[in-house]
Amino acid sequence: MLYIHSLKDLNPKTVDIESVSLIREVKKLNTMPLSEEKLAKHLAEFLVSQTDMEEMSKSLNFIPEAINDIIELSKSDGKYELINLQRALSALQELSAPLDRNIDYAAKMKEWQELFMPELTSFLNQMLSLKTANEKKMYEDKLKGIFKKILRNDNDFVFNSKDIVNEGSVQRINSLAQSMKEGFFFHVKMEDYLKKSDFNTLKGKIPQEDLDKVNSINQNIIEIQKGIERAYNNNMRMLTLAVVLYAYIKWLKENIK
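For clarity, every value in this text was computed on a predicted model and none was experimentally measured.

### Some details on the pattern of salt bridges
- Per the stated rule, a full pass over the model turns up 17 salt bridges.
- For Glu 55, the salt bridge is made with Lys 58, and the minimal N-O distance between the two is 4.0 Å. Here Glu 55 pairs with Lys 58, and both are found in helix 3 (residues 50–73), just 3 residues apart, close to one helical turn.
- Given a relative accessible area of 37%, Lys 58 falls into the partly exposed group.
- Among the charged side chains, a salt-bridge network with shared partners connects Glu 55, Lys 58, Glu 223 and Lys 226.

Following this line, the structure appears as structure tokens:
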């Protein structure tokens, strides 16, 4: 998309702007009435996959293991920066619930897609034959229900990501992963701090056993990062699905005036 680059970018104004170019794409790909084969091909890339579910679930399982390992490190006096261990714990604890809820959301979307997508062509084509005000009202209510399900929002055309993986979640895990590369957990002596020595220089002064413990946690954090990124990308695909459907509906409405 050209104007919507994050979950928070979606609103009634941006979806209208975005739909202008999308309608041109829809016109190129389709004729009326819509073809089930063409519609399915166009929307396939936005659907939740089994791989999405597996990657997110795998990452969620790494969080308690990483938390427990960090707690164990905190019991080693003087070797590690306790405040940084606590910051890592807080970050991981804050990511657990949103990722868990995201998995639940994705699972519901996957189940819904498997049931609804085969019927979508027929549903959209119904718009071409609506005649009475009552028929149009019932159709609009069904459309609202579809967008409510995708966007997790009862009213505005806004993606409700407050309690699932969002931009803040991605920033949090990326910041933690980057900090781990810089030796975030290890206590730095004042002389090394003043010299601004990088972690690669300091590694030689740290016992291999301690490096291995932190590296094990780091590998778990990398796996968690993959799941958070997968969840966020999945949410962006759901948002895009809503925007593309909006473009289809707008195009169909323009052609029945």
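### Points about the packing of helix 1 (residues 12–29) against helix 9 (residues 208–254)
- It is at 8 Å that the axes of helix 1 and helix 9 come closest, and there the two elements cross at 70°. The orientation of helix 1 with respect to helix 9, classified from their angle, is roughly perpendicular. Along the contact surface, helix 1 presents Val 15, Asp 16, Glu 18, Ser 19, Leu 22, Ile 23, Val 26 and Lys 27, while helix 9 presents Val 243, Val 244, Tyr 246, Ala 247, Tyr 248, Lys 250, Trp 251 and Glu 254.
- The residue inventory of the contact of helix 1 with helix 9, partitioned by class, reads 10 nonpolar, 1 polar and 5 charged.

### Quick notes on the packing of helix 2 (residues 36–43) against helix 9
- Helix 9 packs onto helix 2 with a crossing angle of 145° between their chain directions and a minimal axis gap of 11 Å. Where helix 2 abuts helix 9, its residues Leu 39, His 42 and Leu 43 lie against Leu 241, Val 244, Leu 245 and Tyr 248.
- When the residues that make up the contact of helix 2 with helix 9 are grouped by side-chain class, the tally is 6 nonpolar, 1 polar and no charged.

### Focus: the nonpolar core
- Counting residues in each nonpolar core, the largest one holds 79 residues, and the members touching the most others are Leu 124, Ile 150 and Phe 185.
- Of all the secondary-structure elements, those providing two or more residues to this core are helix 1, helix 2, helix 3, helix 4 (82–125), helix 5 (133–151), helix 6 (167–181) and helix 9.
- Not counting residues within four places of it along the chain, the set of residues in contact with Phe 185 comprises Ile 70, Leu 73, Lys 79, Tyr 80, Glu 81, Asn 84, Leu 85, Ala 88, Met 180, Val 214 and Ile 217.

### Quick notes on the confidence of the model for the protein chain
- When pLDDT is averaged across the protein chain, the result is 92; 93% of the residues are at 70 or more.
- Ranking the elements of the protein chain by mean pLDDT puts helix 7 (residues 190–195) last with 47 and helix 3 first with 97.

### Quick notes on unusual backbone geometry
- The omega torsion across Met 32 and Pro 33 is -5°, close enough to zero to call that bond cis.
- With respect to the element layout, Pro 33 can be found in the loop between helix 1 and helix 2.
- Phi is positive for Arg 152, close to 60°, though the residue is something other than glycine.
- Looking at the element boundaries, Arg 152 is found in the loop between helix 5 and helix 6.
- Arg 152 gets classed as partly exposed once you look at its relative accessible area, which sits at 23%.

### Quick look at the side chain of Asn 125
- Considering the arrangement of structural elements, one finds Asn 125 in helix 4.
- Residue classification places Asn 125 among the buried positions, given a relative accessible area of 17%.
- Residues in contact with Asn 125, not counting those within four places in the same chain, are Pro 33 and Leu 34.

### Examining the packing of aromatic side chains
- All chains considered together, the criterion is met by 8 aromatic pairs.
- Centroid distance Tyr 105 to Phe 159: 6.1 Å. Interplanar angle 80°. Geometry classified as edge-to-face. Taken together, the residues Tyr 105 in helix 4 and Phe 159 in the loop between helix 5 and helix 6 connect sequence positions 54 residues apart.
- Tyr 105 sits in the buried class, given a relative accessible area of 6%.
- Here Phe 159 falls in the buried class, since its relative accessible area comes to 4%.
- Considering the side-chain rings of Phe 116 and Phe 123, the 6.1 Å spacing of their centres and the 65° angle between planes classify their relative orientation as edge-to-face.
- A connected cluster of aromatic rings, assembled from ring pairs, spans Trp 112, Phe 116, Phe 123 and Tyr 139.
- The ring of Tyr 105 carries Arg 152 above its face, with NZ or CZ at 5.6 Å from the centroid.

Conventions used here
Residues numbered from 1 in each chain as written. Predicted model: local features only at pLDDT ≥ 70, side-chain atom pairs only at ≥ 80, totals over all residues. Heavy atoms only, no water. Salt bridge = Lys/Arg side-chain N within 4 Å of Asp/Glu carboxyl O. Helix = DSSP H or I, 4+ residues; strand = E, 2+ residues; numbered from the N terminus. Buried < 20%, exposed > 50% of the residue type's maximum accessible area, 1.4 Å probe, protein only. Axes fitted to C-alpha atoms, helices over the stretch in contact; angles between N-to-C directions. Parallel < 35°, antiparallel > 145°, perpendicular 65-115°, else oblique. Contact = heavy atoms within 4.5 Å. Nonpolar A, V, L, I, M, F, W, Y, C, P; charged D, E, K, R; others polar. Core = buried A, V, L, I, M, F, W, Y, C linked by side-chain atoms within 4.5 Å. pLDDT = per-residue confidence, 0-100. Phe/Tyr/Trp six-rings, centres within 6.5 Å; stacked < 30°, edge-to-face > 60°. Lys NZ or Arg CZ within 6 Å of the ring centre and 35° of its normal.

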